[in-house]
Amino acid sequence: MACLLTNGRGLECREAVGGLRNVYFANHDTLGAYTVDSDGQLTVVGGTTNVFKYALNPQSSEYTETITVSEDNGTVFYEQVTTLMLPNLDKAALKALRLLTAGRFQLFTEDNNVSEGTGFGQCYLVGAYNGATVTGGTVALGKALGDMSGYTLTITSREKRSALFVEPGTTTIFDAISSNLTIVPV
C-alpha cells in the first residue's frame, strides 16, 4: 500500500487549550463492535454498557500519545498515556483505586476544548482494542496544609492506531456514537 500525502496543513488559529475535563471508564470488551469512519472517528458502539464518569480538577490531568516507529521492522504503534490526579483520599477512593489498578478498561478522555453548542469537550477513545491498564501511580497524604491528599494514576495502552476521535452530541457526550451507553454520574 502506498502512503501518499493528499493535502497540506496551514498555520492554525490559536483556539485550543490543554488539559482534561472528564474521563469515562468502560470495562474492557463491554463496548461491543465499533464503527470507525475513514477519518478515524468513532461513530457507533455496538454494546450496551455502563460508562463511569470521573470529574477532574482543571489543569490537573493530562493525556499524551507517543508514536513509535521502527524503520527496520516496518512497524508503527501508539502508546497512549493518561495521567489522572484524583484528590481527597478516603475509604471509598481507596476502594475505587483497588478496582482501577486491577482492571482493564477502555477510557474516553474529554478535553477542555468545550463547544459552546454542546457543552462538551473533544473526546477520544483510549485503549479501543487492546484496553488500558494502570501502570503506575502514587498515593499521598501531603506534607503542608495546601498539599494534595489523594492519588495519581498513570494509565497506559498500546494500540495499532491513534486514539479514536468521538464527536460530542447535543445532549450527552455519547449521543453521536450510541444510545446504548449509560453514563454513571460521579
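In short, a report on the structure. Just so you know, these numbers come straight off a predicted model, no measurement behind them.

## Structural notes on the nonpolar core
If you look at the biggest cluster of nonpolar residues, it comprises 19 residues, and the most contacted ones within it are Val-23, Phe-25, Leu-84, Leu-100, Tyr-151, Leu-153 and Ile-155. Contributions of two or more residues to this core are made by β1 (20-27), β6 (75-87), α1 (91-102), β7 (105-111) and β10 (150-159). What Leu-84 contacts, discounting residues up to four positions off in sequence, is Leu-20, Val-23, Phe-25, Leu-56, Ser-61, Tyr-151, Thr-152, Leu-153 and Ile-155. Ranked by size, the runner-up nonpolar core spans 13 residues in total, among them Tyr-24, Ala-26, Leu-42 and Ala-128.

## Focus: α1
Over its twelve residues, α1 runs 17 Å from end to end, which matches the ideal 16 Å to within 8%, given 1.5 Å per residue. Along α1, the residues that are buried comprise Ala-93, Ala-96, Leu-97 and Leu-100. Angularly, the buried residues of α1 cover 105 degrees about the axis, an arc narrow enough to put them on a single face. Opposite the packed face of α1, turned more than 90 degrees from it, sit the exposed residues Lys-91, Lys-95, Arg-98, Leu-99 and Ala-102. In the core, the buried residues of α1 are packed alongside β1, β4 (49-55), β7, β9 (133-140) and β10. Among the residues of α1, the N-terminal cap falls to Asp-90, whose side-chain oxygen and the backbone nitrogen of Ala-92 are separated by 3.2 Å.

## Examining the sheet that holds β6
One open sheet accounts for four strands, arranged β5-β6-β10-β9; its pairing is antiparallel. Each having just a single partner strand, β5 (62-70) and β9 make up the two edges of the open sheet. Going from strand to strand, the sheet's axes swing by 15 degrees on average, the running direction of each strand aside. Here β5 runs beside β6; their pairing, made up of nine bridges, is antiparallel. Along β6, the bridge assignment pairs Ile-67 with Tyr-78. Contacting β9 and β10, α1 crosses the sheet at an angle of about 20 degrees to β10.

## Notes on the pairing of β6
Here β5 folds back onto β6 in antiparallel fashion, the turn holding four residues, of which Gly-74 has a positive phi close to 70 degrees. Across ten bridges, the pairing between β6 and β10 is antiparallel. Bridge pairing in β10 links Glu-79 to Arg-158.

## Observations concerning the side chain of Glu-110
Within the secondary structure layout, Glu-110 lies in strand β7. A residue is classified by how much of its surface remains accessible, and Glu-110, at 0% relative accessible area, is buried. Within the local environment of Glu-110, its side chain forms a polar contact with the backbone nitrogen of Gly-121, the two atoms lying 2.8 Å apart.

How each quantity is defined
Residues numbered from 1 in each chain as written. Predicted model: local features only at pLDDT ≥ 70, side-chain atom pairs only at ≥ 80, totals over all residues. Heavy atoms only, no water. Core = buried A, V, L, I, M, F, W, Y, C linked by side-chain atoms within 4.5 Å. Buried < 20%, exposed > 50% of the residue type's maximum accessible area, 1.4 Å probe, protein only. Helix = DSSP H or I, 4+ residues; strand = E, 2+ residues; numbered from the N terminus. Contact = heavy atoms within 4.5 Å. Expected span 1.5 Å × (residues − 1). Arc of directions from axis to C-beta. Polar contact = N/O pair within 3.5 Å; in protein donor to acceptor, adjacent residues only side chain to side chain. Pairing = 2+ DSSP bridges. Axes fitted to C-alpha atoms, helices over the stretch in contact; angles between N-to-C directions.

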